[in-house]
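# What the coordinates show
Below, each chain spelled out in residue letters.
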Amino acid sequence: MRASAWIGLAIGVATGLWMWAEYALGLHTTRADLGRITGFASIVFPIVGLIWVLRRARSKEGRLSFRSGLPQLLVACAAATVSMVAMSAVYVHWIHPQWLEQAGITASQFLLQSAMATLVGGCIVGLIALAFLRTPSRP
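Residues numbered from 1 in each chain as written. Predicted model: local features only at pLDDT ≥ 70, side-chain atom pairs only at ≥ 80, totals over all residues. Heavy atoms only, no water.

## What about the packing of helix α3 (residues 44-61) against helix α4 (residues 66-95)?
Where α3 contacts α4, the two axes come as close as 10 Å, and the packing angle between them is 140°. Classified by the interaxial angle, the pair formed by α3 and α4 is oblique. The chirality of how α3 crosses α4 is right-handed. Two secondary-structure elements touch here, α3 through Leu50, Val53, Leu54, Ala57 and Glu61 and α4 through Ser68, Gly69, Gln72, Leu73, Ala76 and Cys77. Tallied by class, residues from the contact of α3 with α4 come to seven nonpolar, three polar and one charged. (Axes fitted to C-alpha atoms, helices over the stretch in contact; angles between N-to-C directions. Helix = DSSP H or I, 4+ residues; strand = E, 2+ residues; numbered from the N terminus. Parallel < 35°, antiparallel > 145°, perpendicular 65-115°, else oblique. Left-handed = near helix turned anticlockwise from the far one by under 90°. Contact = heavy atoms within 4.5 Å. Nonpolar A, V, L, I, M, F, W, Y, C, P; charged D, E, K, R; others polar.)

Okay, structure coming up:
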């Protein structure tokens, strides 16, 4: 499970770096209309990371079931949430503090939104990946 936590942290950091890169390219300021579209591309990091977590679990145990994969997913999603909230906090406090005024929300609302999107979205993506990657039970 330790590896799942590290992979989860990497997922959050990669997604946060994507957000920072979008800002650096002007996709949150001068080209915000394009930034609304490119933001969806960040889903690649959770998909790849959670598939990696599940494949590690399958190779370690020899098979992958919902019972064996779900704890790995939850650990990875929790770790991704922690790192994504940290990346979001840096973003709204130091990188682009004007974002809060543009969005019309407070920092705590933004961080809660980031946490919920990462946790719930990660769990949904992870469960879909688990449904595809699980090892069928033997009769």
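## Regarding the layout of surface pockets
Here the largest pocket is characterised by a volume of approximately 1000 Å³. In terms of lining, the largest pocket is formed by 31 residues, of which the most central are Met19, Gly39, Ser42, Met84 and Ala117. (1 Å grid on protein atoms, 1.4 Å probe; cavity = no way out; pocket = protein on both sides within 12 Å on 5 of 7 lines; lining within 4 Å. Points joined across faces, edges and corners; volume = space filled by probe spheres on them.)

## A short note on the packing of α4 against helix α6 (residues 107-133)
The N-to-C vectors of α4 and α6 enclose an angle of 150°; their axes lie 8 Å apart at closest approach. Comparing their axes, α6 and α4 come out roughly antiparallel. For the pair α4 and α6, the crossing hand works out as right-handed. Here the residues of the contact of α4 with α6 sort into 21 nonpolar, eight polar and no charged.

## Describing the environment of Val85
By the secondary structure assignment, Val85 is in helix α4. Residue Val85 is classed as partly exposed on the basis of its relative accessible area of 23%. Along the backbone, Val85 and Leu112 are 27 residues apart, and their C-alpha atoms lie at a distance of 8.0 Å. Residues within four places of Val85 in sequence aside, it is in contact with Leu111, Ser114 and Ala115. (Buried < 20%, exposed > 50% of the residue type's maximum accessible area, 1.4 Å probe, protein only.)

## A few points about the environment of Ala129
If you trace the backbone, Ala129 turns up in helix α6. Spatially, the C-alpha atoms of Ala129 and Val48 are 9.7 Å apart, while their sequence positions differ by 81 residues. Not counting residues up to four positions away in its chain, the partners in contact with Ala129 are Ile51 and Leu54.

## A word on the side chain of Thr118
By secondary structure assignment, the location of Thr118 is in helix α6. What makes Thr118 buried here is its relative accessible area of 18%. Residues within four places of Thr118 in sequence aside, it is in contact with Ala80, Thr81 and Met84.

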